[in-house]
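As a plain string of letters, each chain reads:
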Amino acid sequence: MSLDISGGVLLAVLLGAALHASWNALIKSSEDKALDTALIHGLGTVTALPLLAVFGPPPAAAWPYVLGSTLIHIGYYTSLAGAYRHGDLGLTYPLMRGSAPLLVALASHAVIGEGLSPLAWLGVFALCAGVLTLGLSRSALRHPGDEARRRTALRYALTNALFIAAYTLVDGIGVRVSGNAPAYVSALFLFDGLPYLSLVLWQRRADLAPVRAYAARRWPVALLGTTASLGSYGIALWAMTHAPVAMVAALRETSVLFAALLGTWLLREPFGWQRAMGTGVIVGGVVLLRLG
(Lines give C-alpha, C1' and ligand atoms only; values in the text may rest on other atoms or scores of the structure.)
Protein backbone atom coordinates (compact mmCIF):
# COMPACT_ATOMS: atom_id res chain seq x y z
CA MET A 1 0.00 0.00 0.00
CA SER A 2 1.46 3.34 -1.06
CA LEU A 3 1.85 5.85 1.77
CA ASP A 4 0.79 8.79 -0.39
CA ILE A 5 -2.39 9.75 -2.18
CA SER A 6 -2.64 10.28 -5.93
CA GLY A 7 -4.40 13.22 -7.52
CA GLY A 8 -7.15 10.97 -8.91
CA VAL A 9 -7.89 9.38 -5.53
CA LEU A 10 -7.86 12.81 -3.86
CA LEU A 11 -10.41 14.19 -6.31
CA ALA A 12 -12.59 11.11 -5.89
CA VAL A 13 -12.62 11.48 -2.09
CA LEU A 14 -13.47 15.18 -2.41
CA LEU A 15 -16.38 14.21 -4.68
CA GLY A 16 -17.48 11.70 -2.03
CA ALA A 17 -17.25 14.42 0.62
CA ALA A 18 -19.51 16.65 -1.49
CA LEU A 19 -22.03 13.79 -1.75
CA HIS A 20 -21.85 13.31 2.02
CA ALA A 21 -22.55 17.01 2.53
CA SER A 22 -25.50 16.90 0.14
CA TRP A 23 -27.48 14.31 2.08
CA ASN A 24 -26.60 15.98 5.38
CA ALA A 25 -27.91 19.27 3.98
CA LEU A 26 -31.10 17.45 3.00
CA ILE A 27 -31.54 16.31 6.61
CA LYS A 28 -30.66 19.71 8.04
CA SER A 29 -33.39 21.38 5.97
CA SER A 30 -36.04 18.70 6.64
CA GLU A 31 -39.15 18.91 8.79
CA ASP A 32 -38.30 15.75 10.74
CA LYS A 33 -34.55 15.21 10.96
CA ALA A 34 -34.67 11.94 12.90
CA LEU A 35 -37.20 10.32 10.57
CA ASP A 36 -35.46 11.52 7.40
CA THR A 37 -32.18 10.10 8.73
CA ALA A 38 -33.92 6.79 9.46
CA LEU A 39 -35.50 6.74 5.98
CA ILE A 40 -32.21 7.47 4.23
CA HIS A 41 -30.38 4.70 6.05
CA GLY A 42 -33.32 2.31 6.01
CA LEU A 43 -33.67 2.63 2.24
CA GLY A 44 -30.03 1.62 2.04
CA THR A 45 -31.15 -1.93 2.76
CA VAL A 46 -33.51 -1.85 -0.23
CA THR A 47 -30.89 -0.23 -2.48
CA ALA A 48 -28.24 -2.75 -1.47
CA LEU A 49 -30.19 -5.78 -2.72
CA PRO A 50 -29.95 -5.06 -6.47
CA LEU A 51 -26.33 -3.95 -6.03
CA LEU A 52 -25.48 -7.28 -4.42
CA ALA A 53 -27.18 -9.01 -7.36
CA VAL A 54 -24.90 -7.09 -9.74
CA PHE A 55 -21.59 -7.16 -7.85
CA GLY A 56 -22.12 -10.33 -5.84
CA PRO A 57 -21.46 -10.73 -2.13
CA PRO A 58 -18.01 -10.11 -0.69
CA PRO A 59 -15.89 -13.19 0.06
CA ALA A 60 -16.40 -15.08 3.31
CA ALA A 61 -13.26 -13.55 4.84
CA ALA A 62 -14.81 -10.05 4.62
CA TRP A 63 -18.11 -10.86 6.37
CA PRO A 64 -16.73 -10.62 9.93
CA TYR A 65 -15.75 -7.03 9.14
CA VAL A 66 -19.20 -6.27 7.67
CA LEU A 67 -20.89 -7.64 10.79
CA GLY A 68 -18.37 -5.97 13.12
CA SER A 69 -18.95 -2.62 11.43
CA THR A 70 -22.72 -3.12 11.75
CA LEU A 71 -22.36 -3.71 15.51
CA ILE A 72 -20.16 -0.63 15.87
CA HIS A 73 -22.76 1.39 14.00
CA ILE A 74 -25.33 0.50 16.68
CA GLY A 75 -23.08 2.26 19.18
CA TYR A 76 -22.58 5.09 16.69
CA TYR A 77 -26.31 5.68 16.23
CA THR A 78 -26.96 5.42 19.97
CA SER A 79 -24.31 7.98 20.88
CA LEU A 80 -25.37 10.18 17.95
CA ALA A 81 -28.94 10.25 19.23
CA GLY A 82 -27.66 11.03 22.73
CA ALA A 83 -25.49 13.89 21.50
CA TYR A 84 -28.36 15.46 19.59
CA ARG A 85 -30.77 14.90 22.49
CA HIS A 86 -28.59 16.79 24.97
CA GLY A 87 -26.82 19.35 22.75
CA ASP A 88 -27.12 21.42 19.61
CA LEU A 89 -26.07 20.16 16.19
CA GLY A 90 -23.70 23.12 15.89
CA LEU A 91 -21.79 21.95 18.97
CA THR A 92 -21.80 18.18 18.64
CA TYR A 93 -21.45 17.52 14.89
CA PRO A 94 -18.11 19.34 14.38
CA LEU A 95 -16.64 17.68 17.48
CA MET A 96 -17.58 14.23 16.18
CA ARG A 97 -16.38 14.78 12.64
CA GLY A 98 -13.32 16.86 13.55
CA SER A 99 -11.96 14.49 16.19
CA ALA A 100 -12.46 11.14 14.43
CA PRO A 101 -9.76 11.52 11.69
CA LEU A 102 -7.11 12.27 14.32
CA LEU A 103 -8.13 9.14 16.25
CA VAL A 104 -7.92 7.10 13.03
CA ALA A 105 -4.44 8.47 12.31
CA LEU A 106 -3.26 7.68 15.85
CA ALA A 107 -4.60 4.11 15.71
CA SER A 108 -3.83 3.21 12.10
CA HIS A 109 -0.12 2.52 12.68
CA ALA A 110 -0.80 0.12 15.57
CA VAL A 111 -3.87 -1.53 14.04
CA ILE A 112 -2.98 -1.81 10.34
CA GLY A 113 0.70 -0.86 10.25
CA GLU A 114 0.27 2.38 8.29
CA GLY A 115 2.44 5.29 9.31
CA LEU A 116 2.23 8.84 8.00
CA SER A 117 4.98 11.19 6.95
CA PRO A 118 5.50 14.37 9.03
CA LEU A 119 3.91 16.41 6.22
CA ALA A 120 0.89 14.10 6.13
CA TRP A 121 0.54 14.40 9.91
CA LEU A 122 0.47 18.18 9.52
CA GLY A 123 -2.24 17.74 6.89
CA VAL A 124 -4.37 15.61 9.23
CA PHE A 125 -3.97 18.12 12.08
CA ALA A 126 -4.81 21.00 9.74
CA LEU A 127 -7.95 19.29 8.43
CA CYS A 128 -9.16 18.48 11.94
CA ALA A 129 -8.45 22.02 13.12
CA GLY A 130 -10.18 23.45 10.06
CA VAL A 131 -13.29 21.33 10.61
CA LEU A 132 -13.48 22.40 14.25
CA THR A 133 -12.92 26.05 13.34
CA LEU A 134 -15.49 25.91 10.56
CA GLY A 135 -18.14 24.17 12.62
CA LEU A 136 -17.74 25.41 16.17
CA SER A 137 -19.07 28.94 16.23
CA ARG A 138 -18.81 31.07 19.33
CA SER A 139 -22.57 30.80 19.78
CA ALA A 140 -22.31 27.00 19.84
CA LEU A 141 -19.50 27.08 22.38
CA ARG A 142 -21.31 29.58 24.60
CA HIS A 143 -24.83 28.30 24.10
CA PRO A 144 -26.89 29.18 27.16
CA GLY A 145 -28.67 26.47 29.08
CA ASP A 146 -28.07 23.62 31.47
CA GLU A 147 -24.30 23.14 31.83
CA ALA A 148 -24.80 19.52 32.89
CA ARG A 149 -26.68 18.79 29.64
CA ARG A 150 -23.90 20.47 27.68
CA ARG A 151 -21.25 18.30 29.36
CA THR A 152 -23.35 15.21 28.67
CA ALA A 153 -23.62 16.23 25.00
CA LEU A 154 -19.85 16.64 24.81
CA ARG A 155 -19.31 13.16 26.29
CA TYR A 156 -21.70 11.64 23.77
CA ALA A 157 -20.03 13.54 20.90
CA LEU A 158 -16.52 12.42 21.84
CA THR A 159 -17.75 8.85 22.35
CA ASN A 160 -19.29 9.05 18.91
CA ALA A 161 -15.92 10.12 17.49
CA LEU A 162 -14.47 6.88 18.90
CA PHE A 163 -17.19 4.87 17.15
CA ILE A 164 -16.55 6.73 13.86
CA ALA A 165 -12.82 5.96 14.13
CA ALA A 166 -13.57 2.32 14.97
CA TYR A 167 -15.88 1.62 12.04
CA THR A 168 -13.54 3.51 9.69
CA LEU A 169 -10.64 1.23 10.64
CA VAL A 170 -12.78 -1.94 10.51
CA ASP A 171 -14.18 -1.04 7.09
CA GLY A 172 -10.74 0.01 5.85
CA ILE A 173 -9.43 -3.46 6.65
CA GLY A 174 -12.60 -5.21 5.50
CA VAL A 175 -12.70 -3.62 2.05
CA ARG A 176 -9.08 -4.61 1.48
CA VAL A 177 -9.80 -8.18 2.55
CA SER A 178 -12.80 -8.17 0.24
CA GLY A 179 -10.85 -6.93 -2.77
CA ASN A 180 -14.14 -5.59 -4.16
CA ALA A 181 -15.28 -2.22 -2.82
CA PRO A 182 -18.77 -2.24 -4.46
CA ALA A 183 -19.54 -5.71 -3.07
CA TYR A 184 -18.34 -4.76 0.41
CA VAL A 185 -20.23 -1.47 0.63
CA SER A 186 -23.39 -3.15 -0.72
CA ALA A 187 -23.21 -5.81 1.98
CA LEU A 188 -22.58 -3.14 4.60
CA PHE A 189 -25.59 -1.06 3.55
CA LEU A 190 -27.75 -4.20 3.59
CA PHE A 191 -27.54 -4.18 7.41
CA ASP A 192 -26.28 -0.76 8.44
CA GLY A 193 -29.52 1.23 8.29
CA LEU A 194 -31.75 -1.20 10.15
CA PRO A 195 -30.67 -0.44 13.75
CA TYR A 196 -31.39 3.30 13.56
CA LEU A 197 -34.63 2.81 11.63
CA SER A 198 -35.74 0.32 14.28
CA LEU A 199 -34.82 2.78 17.05
CA VAL A 200 -36.87 5.60 15.52
CA LEU A 201 -39.87 3.33 14.90
CA TRP A 202 -39.69 2.02 18.47
CA GLN A 203 -39.58 5.56 19.87
CA ARG A 204 -42.73 6.42 17.88
CA ARG A 205 -44.52 3.11 18.32
CA ALA A 206 -47.45 4.76 20.14
CA ASP A 207 -48.65 6.37 16.89
CA LEU A 208 -47.13 5.13 13.62
CA ALA A 209 -49.76 6.68 11.32
CA PRO A 210 -47.87 10.01 10.99
CA VAL A 211 -44.67 8.05 10.34
CA ARG A 212 -46.28 6.13 7.47
CA ALA A 213 -47.75 9.32 6.01
CA TYR A 214 -44.41 11.13 6.21
CA ALA A 215 -42.53 8.19 4.67
CA ALA A 216 -45.03 7.95 1.81
CA ARG A 217 -44.48 11.62 1.03
CA ARG A 218 -40.71 11.81 1.57
CA TRP A 219 -39.34 8.52 0.25
CA PRO A 220 -38.35 9.87 -3.22
CA VAL A 221 -36.27 12.62 -1.60
CA ALA A 222 -34.89 10.19 0.98
CA LEU A 223 -33.88 7.83 -1.83
CA LEU A 224 -31.74 10.61 -3.31
CA GLY A 225 -30.10 10.94 0.09
CA THR A 226 -29.58 7.18 0.23
CA THR A 227 -27.88 7.23 -3.18
CA ALA A 228 -25.61 10.09 -2.10
CA SER A 229 -24.77 8.34 1.17
CA LEU A 230 -23.98 5.04 -0.53
CA GLY A 231 -21.93 6.76 -3.22
CA SER A 232 -20.03 8.82 -0.67
CA TYR A 233 -19.01 5.89 1.54
CA GLY A 234 -18.43 3.64 -1.46
CA ILE A 235 -15.92 6.14 -2.84
CA ALA A 236 -14.23 6.40 0.56
CA LEU A 237 -13.89 2.62 0.90
CA TRP A 238 -12.61 2.30 -2.67
CA ALA A 239 -10.05 5.02 -1.89
CA MET A 240 -8.88 3.07 1.18
CA THR A 241 -7.74 0.30 -1.17
CA HIS A 242 -5.46 2.81 -2.93
CA ALA A 243 -4.28 5.12 -0.13
CA PRO A 244 -3.72 5.10 3.66
CA VAL A 245 -6.93 4.88 5.67
CA ALA A 246 -5.95 7.88 7.85
CA MET A 247 -5.51 10.14 4.81
CA VAL A 248 -8.85 9.13 3.33
CA ALA A 249 -10.61 9.55 6.69
CA ALA A 250 -9.22 13.06 7.07
CA LEU A 251 -10.05 14.11 3.51
CA ARG A 252 -13.59 12.78 3.87
CA GLU A 253 -14.27 15.34 6.59
CA THR A 254 -13.99 18.13 4.03
CA SER A 255 -17.71 17.32 3.81
CA VAL A 256 -18.11 19.87 6.63
CA LEU A 257 -16.73 22.53 4.26
CA PHE A 258 -19.09 21.49 1.47
CA ALA A 259 -21.95 21.50 3.96
CA ALA A 260 -21.08 25.06 4.98
CA LEU A 261 -21.01 26.14 1.34
CA LEU A 262 -24.36 24.44 0.68
CA GLY A 263 -25.79 26.05 3.80
CA THR A 264 -24.71 29.47 2.58
CA TRP A 265 -26.01 28.88 -0.94
CA LEU A 266 -29.27 27.00 -0.30
CA LEU A 267 -30.20 27.84 3.29
CA ARG A 268 -28.96 31.45 3.27
CA GLU A 269 -26.73 30.86 6.29
CA PRO A 270 -24.07 33.54 6.92
CA PHE A 271 -20.52 32.51 6.00
CA GLY A 272 -18.53 34.92 8.17
CA TRP A 273 -14.89 35.28 9.07
CA GLN A 274 -14.73 32.08 11.15
CA ARG A 275 -15.94 29.91 8.30
CA ALA A 276 -13.54 31.69 5.95
CA MET A 277 -10.67 30.94 8.33
CA GLY A 278 -11.71 27.30 8.69
CA THR A 279 -11.97 26.99 4.91
CA GLY A 280 -8.42 28.27 4.51
CA VAL A 281 -7.07 25.81 7.08
CA ILE A 282 -8.94 22.89 5.45
CA VAL A 283 -7.59 23.77 2.00
CA GLY A 284 -4.09 23.97 3.48
CA GLY A 285 -4.60 20.52 5.03
CA VAL A 286 -5.66 19.05 1.68
CA VAL A 287 -2.54 20.46 0.04
CA LEU A 288 -0.32 19.05 2.79
CA LEU A 289 -1.88 15.60 2.46
CA ARG A 290 -1.35 15.66 -1.29
CA LEU A 291 2.28 16.67 -0.85
CA GLY A 292 2.81 14.27 2.05
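Because the structure is predicted, anything quoted here is derived from the model rather than measured.

With respect to the overall build of the chain
- Broken down by element type, the chain carries 13 helices and zero strands.
- Its helices and strands in sequence order give the chain the pattern α-α-α-α-α-α-α-α-α-α-α-α-α, from N to C terminus.
- The 292 residues of the chain split such that 50% are buried.
- Across the chain, contacts joining residues at least 24 apart in sequence account for 87% of those joining residues at least 6 apart.
- Accessible surface computed for the chain: about 12800 Å², of which carbon and sulfur atoms make up 70%.

Focus on the environment of L188
- Take L188: it is sitting in helix α8 (residues 181-192).
- Beyond its immediate sequence surroundings of up to four residues, L188 is in contact with V66, S69, T70, D171 and Y233.

With respect to a nonpolar patch on the surface
- Nonpolar side chains collect at one region of the surface, where L119, L122, V283, V287 and L291 lie side by side and expose about 440 Å² of accessible area between them.
- Taken together, the elements giving at least two residues each to the nonpolar patch come down to α5 (118-135) and α13 (272-291).
- Of the residues forming the nonpolar patch, the biggest block, three residues, is contributed by α13.
- With respect to the element layout, L119 can be found in helix α5.
- You can call L119 partly exposed: its relative accessible area is 32%.

Regarding the confidence of the model for the chain
- In the predicted model, the chain carries a mean pLDDT of 84, and 89% of its residues have values of at least 70.
- Least confident of the elements in the chain is helix α6 (residues 138-141), whose mean pLDDT is 49; most confident is α8, at 93.

A closer look at the packing of helix α10 (residues 209-240) against helix α11 (residues 245-252)
- Remark: α10 packs on α11, axes separated minimally by 9 Å, with the N-to-C direction vectors making an angle of 155°. By the angle between their directions, the pair α10 and α11 is classed as roughly antiparallel. Crossing angle aside, the handedness with which α10 passes α11 is right-handed. Across from S232, Y233, A236, A239 and M240 in α10, the residues of α11 making contact are V245, V248 and R252.
- For the contact of α10 with α11, the residue count by class is six nonpolar, one polar and one charged.

Details of the side chain of T70
- When you line up the elements, T70 lands in helix α3 (residues 63-86).
- Among all residues touching T70, those that are not within four sequence positions of it are L188 and F191.

Regarding the pattern of salt bridges
- Counted by the stated rule, this structure contains four salt bridges.
- The shortest N-O distance in the salt bridge between R217 and E31 comes to 3.3 Å. Here R217, found in helix α10, pairs with E31, found in the loop between α1 (7-28) and α2 (33-55); they are 186 residues apart in sequence, far enough to count as distant.
- Take R217: its relative accessible area is 46%, and that puts it in the partly exposed class.

Thoughts on the packing of aromatic side chains
- Scanning the entire structure with this criterion turns up four aromatic pairs.
- Consider the rings of W63 and F191, whose centres lie 6.3 Å apart with planes at 75°: the pair is edge-to-face. Here F191 lies in helix α8 and W63 lies in helix α3, a separation of 128 residues in the sequence.
- W63 sits in the partly exposed class, given a relative accessible area of 24%.
- Ring geometry for W121 and F125: centres 5.9 Å apart, planes at 35°, overall tilted. A residue pair is termed a helical-turn pair when its members lie 3 or 4 positions apart in one helix, as W121 and F125 do in helix α5 at four residues.
- Members of the aromatic cluster, connected to one another through ring pairs, are Y76, Y167 and Y233.

A short note on the nonpolar core
- Core analysis: the biggest nonpolar cluster contains 73 residues, and Y233, L251 and L289 have the highest contact counts within it.
- No other element matches α10, which puts ten residues into this core.
- Non-local contacts of L251, meaning those with residues more than four positions away in its chain, are made with I5, L10, V13, A17, L127, V286 and L289.

Parameters at a glance
Residues numbered from 1 in each chain as written. Predicted model: local features only at pLDDT ≥ 70, side-chain atom pairs only at ≥ 80, totals over all residues. Heavy atoms only, no water. Helix = DSSP H or I, 4+ residues; strand = E, 2+ residues; numbered from the N terminus. Buried < 20%, exposed > 50% of the residue type's maximum accessible area, 1.4 Å probe, protein only. Contact = heavy atoms within 4.5 Å. Areas by Shrake-Rupley, 256 points an atom, 1.4 Å probe, with all protein chains shown as cover. Patch = residues over 30% accessible without salt bridge, like charges linked within 9 Å, V, L, I, M, F, W, Y side chains within 5 Å. Salt bridge = Lys/Arg side-chain N within 4 Å of Asp/Glu carboxyl O. pLDDT = per-residue confidence, 0-100. Axes fitted to C-alpha atoms, helices over the stretch in contact; angles between N-to-C directions. Parallel < 35°, antiparallel > 145°, perpendicular 65-115°, else oblique. Left-handed = near helix turned anticlockwise from the far one by under 90°. Nonpolar A, V, L, I, M, F, W, Y, C, P; charged D, E, K, R; others polar. Phe/Tyr/Trp six-rings, centres within 6.5 Å; stacked < 30°, edge-to-face > 60°. Core = buried A, V, L, I, M, F, W, Y, C linked by side-chain atoms within 4.5 Å.

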